[in-house]
Structures are given as structure tokens and as C-alpha cells.
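# Commentary on secondary and tertiary structure
Each chain, written out:
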Amino acid sequence: MTNSTLARGVAQEIGAAASGRSRSRGAQVMRRLLRDRIGMTGIILVLLLIVMAVLAPVIAPHDPLATNLNETFRKVGSHGHLLGTDLYGRDMLSRVIWGARPSLMIGFVATCLALGLGVTLGVISGFYAGRIDSIIMRIVDVFLAFPYLLLAIVIVGALGPGLFNATLAVAITAIPFYVRLIRGMVLSFREEQFVEASRAIGASGYHLMRHAIFPNIVPYVIVAFSINVGYLILEAASLSFLGLGAQPPSPEWGAMLAENRNYLTLAPHTVIIPGVAIFIVIIGLNLFGDALRDAFDVRLREE
């Protein structure tokens, strides 16, 4: 039997063992999540917002873009307008429901883009080290030298305002976070005995990264993703508030805040309602992320 055949066999055994452990650990994680009331509250909040975004055409009582200057600044609880109206007479409830779509989309799409590139660079940097690691980390250090929001403003300023460019800018600012996180984990796992054993019998770097190291960092990636989505939604809303993200009359929560900020004393509900929507989605994602982190913590024992 050649070394390459033996290496493939060992890699397959490691993958099978990891698969069995992942199924057992997945059941344990699910049990812990179901027992965590605070975490379940976060999950329910997020699921409700996702359902609201998906069913927006069905559950929204009015067209979110329809204006009626005879019904401007209607108060909360007004007839036909449960959450009142804004300065153009547009129904606030409908705008908040439709606003869940771009707000959630920006957060999840930007996080997926940042996760994909950040994890790839982090694994390569941590596994190969040396010159490759130095080049990647110096580039990351340059990005980290700027505050996240300021960097996003610079990127959108160069590309031009808009929902797509804002999503791309937010994703770019999140990449360094994943690169540093994953690099540290890979540096730790690459010295483990099971990795050294696979390397000793001739397993290739690709097999080591895919079958030995990557399965072990997946739980941490999932937790980081769940927590980071909320921050990127807030960052995207900040760009829209500054006029660099979604553009009026788009019913995006950050744009709604910007549109009505001058009328805070006259009609506070036009600012409070989208602000509360942003707060709910971020607190829900953070509660879920904290619960997921605790569920994956191997130091916690089953009760």
C-alpha cells in the first residue's frame, strides 16, 4: 500500500469519525438550545422577522410607497394606520414590514460574502504560515487600521451610494474579523496530534485542511456568523441613515430613520418605530448567538 493510499484511508477514517462525532454533538447542541429560554426567545424574534419579510406582500395592509398628503403624521392607533403615518402619509406598519426585506438581506448577504472569503484566507494563512501568513495579515492590519464604519463610508463613497454597493462595503469591512478569528483557530488545531499523525503518513495540505482542521472550526464559524449578522445590519442601517445605502423612498429601516429625523419632536413614532425594528433584530440575533456559543461550549456538562 502506497503512502498516498494510506493517507487517503486515514483521511476517510478521520472524516467518518468526525461525522459521527458531529451528529452526536449536533444532538447535544440542539438539546442545550431548546433548554435555553433566552436563546429561544432570540430565535423566535429572528424567525418572526424573517417570516414577516417573506410574507410582506400578503400581510402589509398598504402599499409602502403610496403617499397621501391628507394623512401626514397620523398618530399610532389611527383608523386604518395601526402604527401611524410619516411625513408623506405613507403607512408606517407597511413600511416597517417591507423594510425587513432589504435590512435582513444586507446583513445576511454581507455576512455570507465576508464569511466565505474570510474563512478561506484565515485557513490558508494559519495553515501555511510563513510568507503567505505575513502577506495576508499585513493586508488585514491595513483594513483594521480604519474604524469599520469609516472604511465602509470610504468604499461606498468610491463606488457610489446604493443598496448593492452598501452590501459590498459592509462585507469588505467584516472580512478582517473572520480572517483573524479563523487564523488563530487553525494555528491551534494544526499542532494537534491527529493533524500531525495525518501529516506524518503523507496526507496533503488540502486533505488536512478539509478533513482534519475545517470540521473542527465549523462550530466557531457558525457562532461568529450568528453574532456578526446583527452588527452588519446595524452598519448597513448606519450607511442608509447617512444617505449612502438604500435611497428614499425605499422602505429600509436606516433610510426611514434618516427621512424622519427632522420630525422627531413633531411625530416621534416615525423615528421610534424603525429604530425599535433595528433593535429587535439585533437583540434577537445576539441572544441567539450567545445561546449558540454556550451550546457549543464543550466545558458545559449535560444536566
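So, how was this worked out
- Residues numbered from 1 in each chain as written.
- Predicted model: local features only at pLDDT ≥ 70, side-chain atom pairs only at ≥ 80, totals over all residues.
- Heavy atoms only, no water.
- Helix = DSSP H or I, 4+ residues; strand = E, 2+ residues; numbered from the N terminus.
- Buried < 20%, exposed > 50% of the residue type's maximum accessible area, 1.4 Å probe, protein only.
- Contact = heavy atoms within 4.5 Å.
- Areas by Shrake-Rupley, 256 points an atom, 1.4 Å probe, with all protein chains shown as cover.
- Phe/Tyr/Trp six-rings, centres within 6.5 Å; stacked < 30°, edge-to-face > 60°.
- Lys NZ or Arg CZ within 6 Å of the ring centre and 35° of its normal.
- Axes fitted to C-alpha atoms, helices over the stretch in contact; angles between N-to-C directions.
- Parallel < 35°, antiparallel > 145°, perpendicular 65-115°, else oblique.
- Left-handed = near helix turned anticlockwise from the far one by under 90°.
- Polar contact = N/O pair within 3.5 Å; in protein donor to acceptor, adjacent residues only side chain to side chain.
- Salt bridge = Lys/Arg side-chain N within 4 Å of Asp/Glu carboxyl O.

A few words now on the overall build of the protein. Scanning the protein from N- to C-terminus turns up 11 helices and zero strands. Along the protein, helices and strands appear, N-terminal first, in the series α-α-α-α-α-α-α-α-α-α-α. Looking at the protein as a whole, 44% of its 303 residues qualify as buried. Contacts in the protein between residues far apart in sequence, at least 24 positions, make up 73% of those at least 6 positions apart. Summed over all atoms, the accessible surface of the protein reaches about 15600 Å², with 66% contributed by carbon and sulfur.

Going through the model one piece at a time under the given rule, you end up with four aromatic pairs. On the basis of an interplanar angle of 85 degrees and a centroid distance of 5.1 Å, the ring pair of F127 and Y128 is categorised as edge-to-face. Looking at F127, the relative accessible area reads 7%, which means it is buried. Ring plane angle 70 degrees and centroid distance 5.0 Å describe the contact between F177 and Y178, whose orientation is recorded as edge-to-face. Overall, the relative accessible area of 33% leaves F177 in the partly exposed class. The positively charged end of R261 is found above the aromatic ring belonging to F241, 5.5 Å away from the centroid.

Further remarks concern the side chain of S240. Topologically, S240 is positioned in helix α9 (residues 205-241). Here S240 falls in the buried class, since its relative accessible area comes to 3%. When sequence neighbours within four positions are dropped, the list of residues in contact with S240 reads G245, A246, E252, G254, A255 and A258.

Our next topic: the packing of helix α6 (residues 148-159) against helix α7 (residues 163-189). Contact pair α6 / α7: the axes reach a minimum separation of 9 Å and the direction vectors enclose 140 degrees. Judged by the inter-axis angle, α6 sits oblique to α7. As for how α6 packs across α7, the hand of that crossing is right-handed. In contact with Y148, L151, A152, I155, V156 and L159 of α6, α7 contributes N165, A166, L168, A169, I172, T173 and F177.

Below, the discussion takes up the environment of R90. Tracing the sequence through the fold places R90 in the loop between α3 (56-59) and α4 (92-128). Given the relative accessible area of 2%, R90 is considered buried. When near neighbours in sequence (up to four residues on either side) are disregarded, R90 contacts P64, L65, A66, T67, G84, T85, R95, P249 and E259. Within polar-contact distance, the side chain of R90 engages the side chain of E259 at 3.0 Å.

With the rule as written, the count across this model stands at eight salt bridges. In this structure, the salt-bridge partner of R293 is D290, at a minimum N-O distance of 3.5 Å. On the criterion of helical spacing, the pair formed by R293 and D290 is a turn pair, its members being three residues apart in helix α11 (residues 269-296). Residue classification places R293 among the partly exposed residues on the basis of a relative accessible area of 43%. Salt bridges here are not isolated pairs; linked through shared partners, they connect D86, R90, R95 and E259.

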